[in-house]
Amino acid sequence: MTDKEIIEALIARDERVTKRFFFGDCRPLFLSIIRYVFSYEVDYDEFVNEFYLYLMENDAYRLRQFEGRSSIYQWMKVIAIRYFIAKRDSMIDNESKDALLESVAHNETVDGENKMTVKIDIEHLFTLMPNRRYVYVIRRLVLQEAEPKIVAQELGTNVDNLYNIKKRAIAALTEVALKEVEKYEKEIGK
């Protein structure tokens, strides 16, 4: 496919071309951009999802700006670097100062000792999660029950993408928790 044909397929939302382009052809390019732009770990799927939404805004306005004066990869590189450099400081709050598990405080059946144990366990699981943005989303949406619209604004994204991030964040937390359970069971079995 020519670069123009790829752009046309992306604008037409051709699922096969879109998947191959973003998750195959552009993967090395995007991974190098992630390393260049961010000083913290960024999930590749989240990066692509955020960038794709940006490109498709306003009836794919940005994609329609491609004129073919350079290769599509060079063009994507410039657009992605500009976009993510502008957003990198708002992509995540690296050091959340918010109290852990505030929602547990409202549960009168949980006594102080159990509450502290839960906080320690959750904080331990959070430290094992490499993606700090996922931790931030779980803290704000699940534990603090913040409004999705507000959290989306804090992260510089939209609510639809925020729900995608939350889904991946909970899956990542579950994976970490299951690994910890498995590790604990092995230690007990010794």
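Structure report, in brief. (Residues numbered from 1 in each chain as written. Predicted model: local features only at pLDDT ≥ 70, side-chain atom pairs only at ≥ 80, totals over all residues. Heavy atoms only, no water.)

1. As for the overall build of the protein
Note the cut-off: Helix and strand definitions here come from DSSP, where helices need a minimum of 4 consecutive H or I residues and strands a minimum of 2 consecutive E residues; each element is numbered from the N-terminal end. The rule is simple: take the accessible area with a 1.4 Å probe, protein chains only, and divide by the maximum for that residue type; under 20% is buried, over 50% is exposed, in between is partly exposed. The contact criterion used is simple: two residues touch if any of their non-hydrogen atoms lie within 4.5 Å. Note that accessible areas follow from Shrake-Rupley with a 1.4 Å probe, and for residues the cover is restricted to the protein chains shown.
Along its length, the protein carries ten helices and zero strands. Seen in sequence order, the protein has helices and strands lined up from the N terminus as α-α-α-α-α-α-α-α-α-α. Out of the 190 residues belonging to the protein, those deemed buried represent 38%. The long-range fraction of contacts in the protein, counting pairs at least 24 apart against all pairs at least 6 apart in sequence, stands at 64%. Summing over all exposed atoms, the protein offers an accessible surface of approximately 11600 Å²; the carbon and sulfur share of this is 51%.

2. As for the pattern of salt bridges
Close approach of charged atoms allows side chains with opposite charge to pair. So the rule is basically this: Salt bridge criterion: a side-chain nitrogen from Lys or Arg within 4 Å of a carboxyl oxygen from Asp or Glu.
Per the stated rule, a full pass over the model turns up nine salt bridges. For Asp59, the salt bridge goes to Arg64, with nearest N and O atoms at 3.3 Å. Judged by its relative accessible area of 57%, Asp59 is exposed. By relative accessible area, Arg64 is classed as partly exposed at 44%. Within the structure, one salt-bridge network assembled from shared partners comprises Glu46, Glu50 and Arg133.

3. Quick word on the environment of Tyr52
Mapping Tyr52 onto the fold places it in helix H4 (residues 44-64). The buried category is assigned to Tyr52, whose relative accessible area is 18%. Sequence spacing of Tyr52 and Leu63 is eleven residues, and the spatial spacing of their C-alpha atoms is 9.9 Å. Filtering out sequence-adjacent residues up to four positions away, Tyr52 remains in contact with Arg13, Thr18 and Phe22.

4. Concerning the side chain of Glu46
As for its position among the elements, Glu46 is in helix H4. For Glu46, a relative accessible area of 1% translates into the label buried. Glu46 has contacts with Asn131, Arg133, Tyr134, Ile165 and Arg168, leaving out every residue within four places of it along the chain.

5. With respect to the packing of helix H2 (residues 15-25) against helix H3 (residues 27-37)
Test applied: Note on geometry: axes are lines fitted to C-alpha atoms, helical ones only across the stretch in contact, with angles between N-to-C directions running from 0 to 180 degrees. Orientation is classified from the angle alone, with under 35 degrees giving roughly parallel, over 145 giving roughly antiparallel, 65 to 115 giving roughly perpendicular, and any other angle giving oblique. Only Asp, Glu, Lys and Arg are considered charged in this grouping, and only Ala, Val, Leu, Ile, Met, Phe, Trp, Tyr, Cys and Pro are considered nonpolar; every other residue, Gly among them, is considered polar.
The interhelical angle for the contact between H2 and H3, taken along N-to-C directions, is 50°, at an axis separation of 5 Å. Relative to H3, H2 is oriented oblique. Of the residues in H3, those touching H2 at Phe22, Phe23, Gly24 and Asp25 are Arg27, Pro28 and Phe30. When the residues that make up the contact of H2 with H3 are grouped by side-chain class, the tally is four nonpolar, one polar and two charged.

6. With respect to H2
Defined as follows: Working note: the arc is built from the helix axis to C-beta atom directions.
What H2 keeps buried is the set Val17, Thr18, Phe21 and Phe22. Down the axis, H2 shows its buried residues gathered within 105° of arc, on one side only. H2 presents Glu15, Arg16 and Lys19 as exposed residues on the side facing more than 90 degrees away from its buried surface. Buried residues belonging to H2 abut helix H1 (3-11), H3, H4 and helix H5 (72-87).

In short, the description is geometric, and any link to function would need to be established separately.
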